[in-house]
Amino acid sequence: MRVKKLNSAELIGLLEELFKEYRIIAPFKVEQGRLTRVLYREIRSKTEIPSVYLKELPETTPKNFILPRDERLGDERNSDNLDFNQDKAKLFFGVRSCDLAAIDLFDDVFLEDDYQDPFYESRRNNNLFIGYGNQNLPPNNFQKELEIEYFDHRLAPLYLYEDIDARGRDHYYLMIKTDSDLPDQIKEYINNLEEGKIDKLEKLLSDWENKFANETSFEIKNKLPFPEGQVFAEVDWDKPTVSCIGCGVCTYYCPTCFCFDFFWEDRTKSRAWDSCMFSLFTEHASGHNPREEQHQRWRQRLLHKFSYHPQNFEGKPGCVGCGRCIYKCPVNLDIRKVINEVDNTLTEGGQASAER
Amino acid sequence: MNNSYKEITEDLQKTVELVFKEEEFEQLLAYSFGEFSGLIEPVIIKEKRDFESKKIVFTEDAYPMLSKYLLKNRDIRQAVVAKPCDTRAIAFYISENIIDRDNLIIIGINGCPGIKENTACDECDTKNPVIADYFVGEPLDESEFAKEIEEIEYLLSDETAEKRKKHYSEEFSRCTQCYACRDACPVCYCDHCFVESNQPIWLEDGSDPEEDMVFHLMRTMHMPGRCVNCGACEMACPEGIEMRSLTSHLYHQARRYFDYRPGLKIDQLSLFSDYNEEDPEPGFLQQEGD
């Protein structure tokens, strides 16, 4: 592991080098309608590189590029339709550890031994991730409660840290865990950067972590997976979810929600995101709906993330704690409030599993 | 002068305490800060023991329409904190006979200072409640907010059809079909919305610019004579789509041609039941100035 120090011009230089070799997807700040938003976009030309905006957590995630909202899967009679413009490898730049953890989770689901999704795989192939962190905890973030590190993830061989208050070559640190997959001229560019001290960076990161610890009071008291049967039956689901208006925004912006729906356009099969928060998600052809009420849909969403998913994937939660569902929700319904209700019900029932 | 959020909050906390003392009801709809997020959220208080008046607040971010939540439980007696636009939605419910006046305890906000970033508040013509049992804040004199129809300006109000089409095509290209605009709208309350209808299918699966346009225009078509111009649709949109000027235009046109504004009185006829022979017939696709 090595550490390099960069100033803003050197970071732009690095991105310019990378742009020659990769299709770069990076966060930008854009004006859309009445909102100013940070979104991942593909860099189309070198001139856009200085506008890459890293400081805030983007609203969207790499999910939009790996499992797109709407995807043509090809002709019914010809399944070799996997042409996704792969002439260059894709580089996702400036990705937080929670979003990297979400991609890890997608890999578990879509590249599992028994069920490999060729469409997912073809977009996921040839991806490179450069991680990112700074001293500001994104709003409503609770990833630490889900045991996701703030400043590292195994999917990212390179990790960029921005010390927003510092100037010059103390502004950015680049941690290089391995550069073996990088093209030579990029290795060379990195080698020519000023050497940084690993212990100094580690000190900085631990200071930031300590600061974050004071900024969040939320804690998950019971062990995951939550006991499915008991939680399903005993929690008063209506109480914490009563303000839900059923729009599904939480699931659309969620980096880990992957449910989709198939449909046909002539002979072309397509899939598009679906959401368990919609009534149509479970409505039968007969008109019967096993999840008639919104609180039952919430029960499904919460149990999927904190009970079914960890059951199926070695205890790993189906949520990465990024906080997007909370601030994108039109009525600010907080998933932590619902988790808390589950926790309290389990604790009151006297059957709480071992304290974490 | 508008009341300040702080004054309203203080008055509201006292009034809600009074309501708990004097009234019989099954639940109270109000705003509070989220325990972990600190963001304002609608709360529904069912038990007196869960109630702490200090937690009830009103801020510039109180954009969700509490009136909408009344419809979930039409048969029980409910108390509700209502912005003036909420009271208009409530008056509209009563005029449509979908909720019983006797089942409502309305705590109306006088002299509403408006909601941050909500462009509807710039066109607001109702800053005091039209119907309420309790009032908080000082009422505003009507002369301070009543607007002549000629004074009202809104996005694209003077633009050509081409420019409007371009604007909406661009805006709707971001639509993710979450239908939060519909879900947040206080006067969208059909038991079965065309969006979810599969016999016939009005909207195809998948994202498609034409389908997005169909959805937004169909939603708009259902709105004249119903829209109370509260701006909840636009505030709810996660993509920040500026769609409010469609319904707002119809709101102002209904006023211009028929002197009609929904939800001003509880015994009001609906726009389409209120026909008389003298009504102008501006025509479906008439352009301004024709």
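Residues numbered from 1 in each chain as written. Chains lettered and ligands numbered in written order. Predicted model: local features only at pLDDT ≥ 70, side-chain atom pairs only at ≥ 80, totals over all residues.

Trainee: Describe the environment of Glu242(B), with residues and values.
Mentor: With respect to the helices and strands, the residue Glu242(B) is situated in the loop between α7 (232–236) and α8 (244–258). For the pair Glu242(B) and Glu171(B), spaced 71 residues apart in the sequence, the C-alpha separation amounts to 6.5 Å. Residues in contact with Glu242(B), not counting those within four places in the same chain, are Gly33(A), Arg34(A), Leu155(B), Glu171(B) and Glu234(B). (Helix = DSSP H or I, 4+ residues; strand = E, 2+ residues; numbered from the N terminus. Contact = placed C-beta atoms within 7 Å.)

Trainee: How would you sum up the domain arrangement of chain B? Please name residues and give values.
Mentor: All names here are of chain B. When its domains are assigned, chain B resolves into domain 1 (5–144) and domain 2 (149–258). Relative to domain 2, the C-alpha centre of domain 1 lies at a distance of 25 Å. Elements supplying a minimum of two residues to the side of domain 1 that touches domain 2: α2 (66–70) and α3 (84–95). In terms of residues, the side of domain 1 that touches domain 2 owes the most to one element, α3, which gives 5 residues. Looking at the side of domain 1 that touches domain 2 residue by residue, the classes come out as 9 nonpolar, 3 polar and 4 charged. (Domains from an automatic or database assignment. Nonpolar A, V, L, I, M, F, W, Y, C, P; charged D, E, K, R; others polar.)

Trainee: For the interface of chain B and chain A, give the residues involved together with the corresponding values.
Mentor: Chain B puts 30 residues into the contact, and the matching count from chain A is 35 residues. Only β2 (40–45), α5 (180–184) and α7 of chain B provide two or more residues apiece to the side of chain B that touches chain A. Here the side of chain B that touches chain A takes 4 residues from β2(B), the largest share from any one element. Grouping the constituent residues of the side of chain B that touches chain A by class yields 13 nonpolar, 6 polar and 11 charged.

Trainee: Describe in detail unusual backbone geometry, supporting the description with residues and values.
Mentor: At the junction of Leu224(A) and Pro225(A), the peptide bond is cis and its omega measures out at -5 degrees in the coordinates. Structurally, the position occupied by Pro225(A) is in the loop between α6 (198–215) and α7 (228–234). Even without being glycine, Asn126(A) reaches a positive phi, approximately 65 degrees. For Asn126(A), the location among the structural elements is in the loop between α4 (118–124) and β6 (127–134). Positive phi, close to 60 degrees, is recorded for Tyr179(B), a residue that is not glycine. With respect to the secondary-structure elements, Tyr179(B) resides in the loop between α4 (161–172) and α5. Using a count of 24 C-beta atoms within 10 Å as the deciding quantity, one classes Tyr179(B) as buried. (Buried ≥ 20, exposed ≤ 12 C-beta atoms within 10 Å, placed from the backbone.)

Trainee: Hey, could you go over the sheet that holds strand β3 (residues 78–82) of chain B for me, with residue numbers and the actual values?
Mentor: Residues and elements named next belong to chain B. With mixed pairing, the 5 strands of this open sheet are ordered in space as β2-β1-β3-β4-β5. Only two strands of the sheet have a single neighbouring strand rather than two, namely β2 and β5 (134–136). Going across the sheet, the axis of each strand differs from the next one's by a mean of 25 degrees, ignoring polarity. Summarising the sheet, β3 and strand β4 (residues 104–109) pair through 5 bridges and their orientation is parallel. Pairing of glutamine 78 across the sheet is with leucine 104, part of β4. Against the sheet, helix α1 (residues 5–22) makes contact with β1 (27–33), β3, β4 and β5, and its axis sits at roughly 160 degrees relative to β5, the strand it touches most. Seen against the sheet, α3 touches β3 and β4 and runs at an angle of roughly 150 degrees to β4. (Pairing = 2+ DSSP bridges. Axes fitted to C-alpha atoms, helices over the stretch in contact; angles between N-to-C directions.)

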